Amino acid sequence: TVFGKASGDIMPLNMNMTDDHCVVEKAGPEEVYLIGGKGETYHNGNLIQEGQKTRLEKYDRIVIGTDVMLFKFAYSEDDKIEDEPEARDAIQEYHKAVQAKDSAYIEQARKLEEDKRKLMEELERMKKEGHTKEQIEDKRQAMEAWKAIDETMMEMVPVLSRMNDMCNKV
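Cut-offs applied
Residues numbered from 1 in each chain as written. Predicted model: local features only at pLDDT ≥ 70, side-chain atom pairs only at ≥ 80, totals over all residues. Heavy atoms only, no water. Phe/Tyr/Trp six-rings, centres within 6.5 Å; stacked < 30°, edge-to-face > 60°. Lys NZ or Arg CZ within 6 Å of the ring centre and 35° of its normal. Salt bridge = Lys/Arg side-chain N within 4 Å of Asp/Glu carboxyl O. Helix = DSSP H or I, 4+ residues; strand = E, 2+ residues; numbered from the N terminus. Buried < 20%, exposed > 50% of the residue type's maximum accessible area, 1.4 Å probe, protein only. Pairing = 2+ DSSP bridges.

Visitor: In this structure, what is going on with the packing of aromatic side chains? I would like to understand it.
Guide: Ring pairs (aromatic) are described by centroid distance and by the angle formed between their planes. Overall, the coordinates contain zero aromatic pairs when judged by the stated rule. Positioned above the aromatic ring of Tyr-33 is the side chain of Lys-53, whose terminal nitrogen or guanidinium carbon lies 4.7 Å from the ring centre.

This is how it looks when you write it as structure tokens:
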């Protein structure tokens, strides 16, 4: 069963859905797999990579795009409603996974900022030591590239911080 935006067996109305988002594959009566596709899909708070195949168990939490789902086999007499996890727990698990991913991005931005600072110091040192205009120009061009990266990073970090704040309030 393919989940997708414009094509697929199931096409949820979901802002973050992509074509070939993920696949749910039934291999036997109680053997079902989640296979990562082109969209972000989480299984029990872990991001599933494209092509990664994960066996689903009763009450596993799945996030496809922005849809949070609880996996269950067909109802049986031994199922107890009180065993079922709370929806809030599944959402918090998803938020923690997103925050971890965003935190890694923010850490990467911090490292890029440090590299940029070192590059600026190197440029100043080169000027003081009387390096050739060509050498200084090469370093200056590298700085221009860093400025472009920096502008993009500075636009993203406040957005990620706001998203983390929103996740903490849920």
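Visitor: Even after reading the chapter, I still don't get the pattern of salt bridges, so can you show me in this structure?
Guide: Pairing between side chains becomes possible if they bear opposite charge and their charged atoms approach one another. For the structure on display, the rule yields eight salt bridges. Notably, a salt bridge pairs Lys-53 with Glu-25, separated by 2.9 Å at the nearest N-O pair. Taken together, the residues Lys-53 in strand β6 (residues 53-56) and Glu-25 in strand β2 (residues 22-28) connect sequence positions 28 residues apart. Here Lys-53 falls in the partly exposed class, since its relative accessible area comes to 46%. We note a salt bridge from Arg-125 to Glu-129, for which the minimum N-O separation is 2.4 Å. Because the salt bridges share partners, they merge into one network encompassing Glu-114, Arg-117 and Glu-121.

Visitor: Looking at this structure, I do not really get the pairing of strand β3 (residues 31-36). What am I missing?
Guide: As a general feature of sheets, a regular strand has side chains that alternate between the two faces. With respect to burial, β3 is a largely interior element, five of its six residues being buried. By the bridge criterion, six bridges tie β2 to β3 in an arrangement that is antiparallel. Looking across to β3, one finds that Cys-22 is bridged to Gly-36. Between β2 and β3, which follow one another and run antiparallel, lie two residues. Relative to β6, β3 runs antiparallel, the two being bridged by four bridges. Residue pairing across strands places Leu-34 opposite Thr-54, the latter belonging to β6.

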